[in-house]
Amino acid sequence: MSEHNVLNGIVGYQEVWQSKAALEKTGSNFQEIKQDVQKTVERIHPKRLSLKVDRIIEETASTKTFRLVSSTGAVLPPFQAGQYINVFVDINGVATARPYAIASSPAHRHYYDLTIKRAEGGFVSHFALDQLKEEQALTSSGPMGTFHHNPLFHGEDLVFLAGGSGSVPARSMLLDILERNLPYRFHLIYVNSFEHDVIYAKELRALASTQANFTLTEVVTRPTSNSQGHKGRLTTEFLSNLVPSITDKMFYICGPTPFNESCITLLTQLGVKRRRIRVEANGAPKRPDLQQNWPEGVSLNEEVTVTVKGKGSYKTRVGEPLLNSLETHGFSTENACRSGECSLCRVKLVSGTVFNPSEAHLRKSDRKFGWIYSCVAFPTSDIEVLL
Amino acid sequence: MKHYDVVVIGAGNGGLTAAAATQRGGKTTLLLERHNIPGGCATSFVRGNFEFEVALHQLSGLGTESQPFVMRDIFNSLGVMDKVEFIQERDLYRLAVPGELDITLPASWKGLQKTLQEHFPEEEQAIVQFMDICEKVTLEGFLTLPKAKRSNNPEVLNDECAHFVKYGFRSALDVLSELFSNKKLITLISSYWNYVGVPPSQMLFSDLASMLYSYAVFKPWHIKGGSQSLSNALVESFIEAGGDVRFNCGAEKILTEAGGVTGVQLETGERVTCNAVISNASPLVTFNELLDHDQLPIKVQQDFKSRRMGTSAFVIYLGLDCTPEELGITAPSSFISSTLDWEAVSDRMEAFDSPLGGMITCYNLDDPDAAPPGKSQVALVCLQYGDVWQTVAPEEYVKTKYAFAEKLIDLIEQVYPKVRHFIEEIEVATPLTMMRYLNTPGGAIYGFKQTPEDSNLIRERLEGVNGLYSVGSWTSMGGFQPTYMAGESTARAVLKKLNQMEAQHV
Ligand SMILES: Cc1cc2nc3c(=O)[nH]c(=O)nc-3n(C[C@H](O)[C@H](O)[C@H](O)COP(=O)(O)OP(=O)(O)OC[C@H]3O[C@@H](n4cnc5c(N)ncnc54)[C@H](O)[C@@H]3O)c2cc1C
Ligand code: FES
């Protein structure tokens, strides 16, 4: 090509042509980096982990900790304290999954501890507590989520408001701070209905008495006569007395949805900026019908038909999140957070209407073109979706 | 087994435009994307109350309604022009080199000349000459050079492409140093090297000239709802035309027989047959990993050997609890550098040392909807190669990422102090993040390294497997406009080929 190419008349063209020829002599056909991307990404963000239950620890009457190890005995991927994995299970022929925060410290990568509390009306939590056995194999996602300390702006004064099993990520964060000797002050305000619900009670109390930078405040909302700690609900008064210079702290909130919401309200009333409050996601809302913009006259128990384009259809209830009913009827989409945050369960609504609750962190243009997060979408009419 | 005329692998800009064009051109098309969302680089993600634009800083090539340019036609023909809203930016960019210079260039050809002359009166004449050269080199490169190439006639070249002949294929630094003596002016006017990834000494003057000319004349644009809007609109147009799209579904193998494609095997194990495959995955992935055989065509080998890995980027996405005014942001796009020497800035791209230069884009300055009321959406970027990041041990990765982010924020705070103070949401993307979401070797964002040897003027289409086409930043120039255009023109070639084949069968 080069001799008769008219472009040779361009100043510099031939030189570039020659240097290209020189590059060709010393260059490679890149065969040596085959699979490089996959291997690199896999080391940090594996899509799936193959695990088995190593040990089961009874925490309270309603809570167990499952120590999971790699099925090959290898170390598990690193994670940031506060992150979760999504555990895939097959329960009586229904393939589903639930995200669980990692309770153990990121320093120990031979295992991830998951602490699971029996959820009222739950499906997977019952399965875990009643049927999961030691040595049983499990598959999960890699560690994910943004509910963790971020040194770029969280600072060193951290206050964690936990309700019930919300103490799970708090434990991981605490152990991380202590084991890495980080210069942070960590105050855990741990709220439970009953004293016998307190998870990690012994461990937390022991650490609080020996570690100068860890403060534990236990709160019991339905105390008995010999309950430890503060009795009653959280109030602005209680918090402002308990936490000095409250607007300078970074707050982490993790618990049942009503708990989270009331914590945000209290902190906001105390002048804490929204940017100083991090809240962990919490699954689909149980009562989407109490949210703004819920269509009038539609009840959660109404029956609707879901059609999966080209694949079939089934009947379900308005109040059942779409992803759950898809799974119950043998369909599936990728998923991880099951709380409207990660976007993995994104599907297209072809016809009909769904309610997207405030949990659905949809992109503006997804909303516009009818893409929804099936994990938190409620079909409010007969619908057709594209998987 | 299901049959399609065309399978498109990857829903980046190149893949999306190609798929929309083939399906709308009457060929049944399957679009495969590994990720759960279309766009590749042209995407967004949500954190808290913010939706972050991932990659689009300034869209070129659109032109205004009264002075439309090529992208308007393409978007019209793909049926997306009425599905998205474009936002015009007022300025080209601000360049701030603390202690040395701080100038904002307007997005207007006349205004640009005036601003440059105001700041550099001693170069008044040279500026006029420079702008004339930029305009002519751009127009010739676009209009008459392809003609000269087709005719292969030296006279056409010399008569109709005189400026391109004289300046087009020299380095930007070479030409600028010949025209100007003021070092600051040279630095100011070559800031766009950041959009190419190689410093002014290594980039073609014609690339710099056409960027300046196109952005100033046809304006820089943002997209309402971010580039994700356009990606989603392209998918919508594709689906409306009857196309099939599968997300969370990568292509595993490209199946061939006797040197031609016959089908594609999906991540799920399913197979489909097809007459053509358009791959938006990097050709390094397409040819070295997806092809079902190891005999890499000789031409492709030669092409690869003369290429070098391109740059990736380190990006901090910030949702700030303050207005742009409170931060002192006056232009949507700023380049910030601690030195006038772009070569020194570029030398840092392979190391973890503090970056010497970076850019910051504020999306809600011209589009209030880009952030919640009273807040700001800002991206901080510095170019970086993937290599060093691949040497980091997995357990050190997060620490390394935060440490480097601190350095980039330090740099930006030299001009916009208080950034840290207002952070409400933050996400940090490293070259490894780019690898994860784009599936590109080195996490490359503009494809191969865009030195002059990478120019399409000395490259041919990657041939060797019948019916296999590559689109995207690796085989065209990187960036939004070039990849959209590559997708569209490749689709046209595929349509032509398939129509010919059909005509022969009849
Ligand atoms: C942070 C950042 C800033 C940038 N800034 C600018 C800017 O200001 N201006 C500008 O013009 N350009 C900018 N760019 C560059 C520009 O975005 C890219 O060059 C361009 O979008 C690349 O398009 P592409 O067609 O090559 O596809 P890509 O965006 O590379 O997308 C490829 C797609 O293919 C998919 N894929 C890969 N392998 C497979 C497989 N086996 N099966 C199925 N799917 C597969 C990937 O998941 C991906 O979606 C920026 C990029 C980044 C990341
Ligand atoms: S699974 Fe994360 S958004 Fe639905």
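Colleague: Account for the overall build of chain B, with residues named and values stated.
Modeller: What chain B contains, in helices and strands, is 18 helices and 18 strands. Computed over the C-alpha atoms, the radius of gyration of chain B is 23 Å, within 12% of the 23 Å expected from 2.2 N^0.38 for a compact globule of 506 residues. Taking the principal axes of its C-alpha atoms as reference, chain B extends roughly 70 × 60 × 45 Å. Nonlocal contacts in chain B, meaning residues at least 24 apart in sequence, comprise 73% of its contacts between residues at least 6 apart. Accessible surface for chain B amounts to roughly 17,500 Å². Of this, 48% is attributable to carbon and sulfur atoms. A gap of 3 Å separates the mean positions of the 42 positive and 62 negative side-chain charges of chain B.

Colleague: With reference to specific residues and values, describe the domain arrangement of chain A.
Modeller: All names here are of chain A. Looking at chain A, the domain boundaries give domain 1 (45–140), domain 2 (157–280) and domain 3 (297–386). Distance from the C-alpha centre of domain 1 to the C-alpha centre of domain 3: 26 Å. Facing the 11 residues of domain 1 at the interface are nine residues of domain 3. When domain 1 packs against domain 3, the two sides together hide about 700 Å² of surface, and 42% of this comes from carbon and sulfur.

Colleague: Got a sec to walk through the sheet that holds strand β12 (residues 277–279) of chain A? Specific residues and values, please.
Modeller: Strand-to-strand pairing in sheets goes through backbone hydrogen bonds, with the strands running parallel or antiparallel. All names here are of chain A. Spatially, β10-β9-β8-β7-β11-β12 is the arrangement adopted by the six strands of the open sheet, whose pairing is parallel. Unpaired on one side and paired on the other, β10 (230–231) and β12 mark the two borders of the sheet. Summarising the sheet, strand β7 (residues 157–163) and strand β8 (residues 185–192) pair through seven bridges and their orientation is parallel. Considered in β8, the bridge of Gly163 is made with Val191. Helix α4 (residues 167–179) rests against β7, β8, β9 (214–220) and β11 (250–254) of the sheet, and its axis sits at about 160 degrees to β8. Packing of helix α5 (residues 201–210) onto the sheet brings it into contact with β8 and β9, and relative to β9 it is tilted by some 135 degrees.

Colleague: How would you explain the site of ligand 1 if you had to name every residue and give the values?
Modeller: All names here are of chain B. Neighbouring ligand 1 are 32 residues; Gly14, Glu33, Ala55, Ile445 and Phe480 lie closest to it. The separation between an oxygen atom of ligand 1 and a polar side-chain atom of Asn13 is 3.1 Å. In the model, an oxygen atom of ligand 1 is placed 2.9 Å from a nitrogen or oxygen of the Asn280 side chain. Compared with its free state, where it exposes 1,000 Å², ligand 1 has 97% of that area covered by protein. The element that contributes the greatest number of residues to the shell around ligand 1 is helix α17 (residues 431–438), accounting for three residues. Looking at the shell around ligand 1, its residues break down into 15 nonpolar, 15 polar and two charged. Counting only domains with at least three residues in the shell around ligand 1, you end up with domain 1 (3–84 + 225–307 + 452–504) and domain 3 (311–443).

Colleague: So, a nonpolar patch on the surface: which residues are in play, and what are the values?
Modeller: On the surface, a nonpolar cluster with roughly 280 Å² of combined accessible area is contributed by Leu139, Phe142 and Leu143 of chain B. Relative to the elements of secondary structure, Leu139 of chain B occurs in helix α4 (residues 124–151).

Colleague: Account for unusual backbone geometry, naming residues and giving values.
Modeller: Within the chain, Gln35 of chain A stands out as a residue other than glycine whose phi angle is a positive 65 degrees. Tracing the sequence through the fold places Gln35 of chain A in the loop between α1 (13–26) and α2 (36–44). The phi dihedral of Asn248 of chain B is positive, around 50 degrees, even though this residue is not glycine. Turning to its location among the elements, Asn248 of chain B is positioned in the loop between β9 (244–246) and β10 (251–257). Look at Asn248 of chain B and you get partly exposed, because its relative accessible area is 24%.

Colleague: Before we move on, can you summarise the confidence of the model for chain B with the specific residues and values?
Modeller: Per-residue confidence for chain B gives a mean pLDDT of 96, with 100% of residues at or over 70. Two summary scores accompany this predicted model of the complex, namely pTM at 0.96 and ipTM at 0.96.

Colleague: How would you summarise the sheet that holds strand β1 (residues 49–60) of chain A if you had to cite specific residues and measurements?
Modeller: Residues and elements named next belong to chain A. Spatial strand order, β4-β3-β6-β1-β2-β5: six strands in an open sheet with antiparallel pairing. Edge positions in the open sheet fall to β4 (94–101) and β5 (112–117), since each of these has one partner strand only. Adjacent strand axes in the sheet meet at a mean angle of 40 degrees when their direction is disregarded. Both strand β3 (residues 84–91) and strand β6 (residues 137–140) contribute to a ladder of two bridges, which runs antiparallel. The partner of Phe88 across the bridge, within β6, is Thr139.

Colleague: Tell me about the pairing of strand β1 (residues 2–9) of chain B, residues and numbers included.
Modeller: All names here are of chain B. Of all the eight residues making up β1, six are buried; the element is thus mostly covered by neighbouring parts of the structure. Sheet analysis places β1 next to strand β12 (residues 271–279), joined by seven bridges and oriented parallel. Bridging from a neighbouring strand, Val8 pairs with Ile278 of β12. Examined bridge by bridge, β1 and strand β2 (residues 29–32) share four bridges and lie parallel to one another. Across the sheet, the residue bridging to Val7 is Leu30, located in β2.

Colleague: Describe the nonpolar core, with residues and values.
Modeller: Grouped together as the largest cluster of nonpolar side chains are 129 residues, with contacts concentrated most on Phe75, Phe86, Leu92, Phe130, Tyr192 and Phe205 of chain B. Looking at this core element by element, the count peaks at 10 residues for helix α9 (residues 205–218) of chain B. Not counting chain neighbours up to four residues away, the residues in contact with Phe75 of chain B comprise Leu59, Leu62, Val80, Met81, Phe86, Leu230 and Tyr484 of chain B. Within the second largest apolar cluster, 70 residues are counted, among which are Ala101 and Tyr252 of chain A together with Ile336 and Ile423 of chain B.

Colleague: Please give an account of the packing of helix α3 (residues 109–119) of chain B against α4 of chain B that cites residues and values.
Modeller: Residue and element names in this part refer to chain B. Interhelical geometry of α3 versus α4 gives an angle of 150 degrees and a closest axis separation of 9 Å. Put simply, α3 runs roughly antiparallel to α4. α4 is crossed by α3, and the crossing has right-handed handedness. Of the residues in α4, those in contact with Trp109, Leu112, Gln113, Leu116 and Gln117 of α3 are Glu124, Ile127, Val128, Met131, Cys134 and Glu135. Taken together, the residues that form the contact of α3 with α4 break down as seven nonpolar, two polar and two charged.

Colleague: Run through empty space enclosed by the protein, naming residues and quoting values.
Modeller: Residue and element names in this part refer to chain B. Under the definition given, this model contains five cavities of 30 Å³ or more. Within this model, the largest cavity holds a volume of roughly 150 Å³. Among the elements of the structure, β4 (50–53) and β8 (221–223) are those that each provide at least two residues to the lining of the largest cavity. Per-element tally for the lining of the largest cavity: the top contributor is β4, with three residues.

Colleague: How would you explain the layout of surface pockets if you had to name every residue and give the values?
Modeller: Taken as a whole, the second largest pocket encloses approximately 1,200 Å³ of empty space. If you go around the second largest pocket, you meet 45 residues; those closest to its centre are Lys311, Ser332 and Leu387 of chain A together with Arg246 and Phe247 of chain B. The element that contributes the greatest number of residues to the lining of the second largest pocket is strand β15 (residues 346–351) of chain A, accounting for five residues.

Colleague: Lay out the domain arrangement of chain B in plain terms, naming residues and giving numbers.
Modeller: Residue and element names in this part refer to chain B. When cut into domains, chain B gives domain 1 (3–84 + 225–307 + 452–504), domain 2 (107–218) and domain 3 (311–443). Spacing between the C-alpha centres of domain 1 and domain 2 amounts to 30 Å. Taken together, the 15 residues of domain 1 in the interface contact 14 residues of domain 2. A buried area of about 1,300 Å², summed over both sides, lies between domain 1 and domain 2, and 70% of it is on carbon and sulfur atoms. By the criterion of area lost to domain 2, the three top residues of domain 1 are Gln58, Pro452 and Leu457, representing 39% of everything that side buries. The interface formed by domain 1 and domain 2 includes four residue pairs in polar contact (both at pLDDT 80 or more). Per-class residue counts for the side of domain 1 that touches domain 2 are eight nonpolar, seven polar and no charged.

Thresholds, definitions, all that
Residues numbered from 1 in each chain as written. Chains lettered and ligands numbered in written order. Predicted model: local features only at pLDDT ≥ 70, side-chain atom pairs only at ≥ 80, totals over all residues. Heavy atoms only, no water. Helix = DSSP H or I, 4+ residues; strand = E, 2+ residues; numbered from the N terminus. Rg over C-alpha atoms; globule rule 2.2 N^0.38 Å. Contact = heavy atoms within 4.5 Å. Areas by Shrake-Rupley, 256 points an atom, 1.4 Å probe, with all protein chains shown as cover. Lys, Arg positive; Asp, Glu negative; His and termini not counted. Charge placed at Lys NZ, Arg CZ, Asp CG, Glu CD. Domains from an automatic or database assignment. Buried area = accessible area lost by both parts, 1.4 Å probe. Pairing = 2+ DSSP bridges. Axes fitted to C-alpha atoms, helices over the stretch in contact; angles between N-to-C directions. Near = heavy atom within 4 Å. Polar contact = N/O pair within 3.5 Å; in protein donor to acceptor, adjacent residues only side chain to side chain. Nonpolar A, V, L, I, M, F, W, Y, C, P; charged D, E, K, R; others polar. Patch = residues over 30% accessible without salt bridge, like charges linked within 9 Å, V, L, I, M, F, W, Y side chains within 5 Å. Salt bridge = Lys/Arg side-chain N within 4 Å of Asp/Glu carboxyl O. Buried < 20%, exposed > 50% of the residue type's maximum accessible area, 1.4 Å probe, protein only. pLDDT = per-residue confidence, 0-100. Core = buried A, V, L, I, M, F, W, Y, C linked by side-chain atoms within 4.5 Å. Parallel < 35°, antiparallel > 145°, perpendicular 65-115°, else oblique. Left-handed = near helix turned anticlockwise from the far one by under 90°. 1 Å grid on protein atoms, 1.4 Å probe; cavity = no way out; pocket = protein on both sides within 12 Å on 5 of 7 lines; lining within 4 Å. Points joined across faces, edges and corners; volume = space filled by probe spheres on them.

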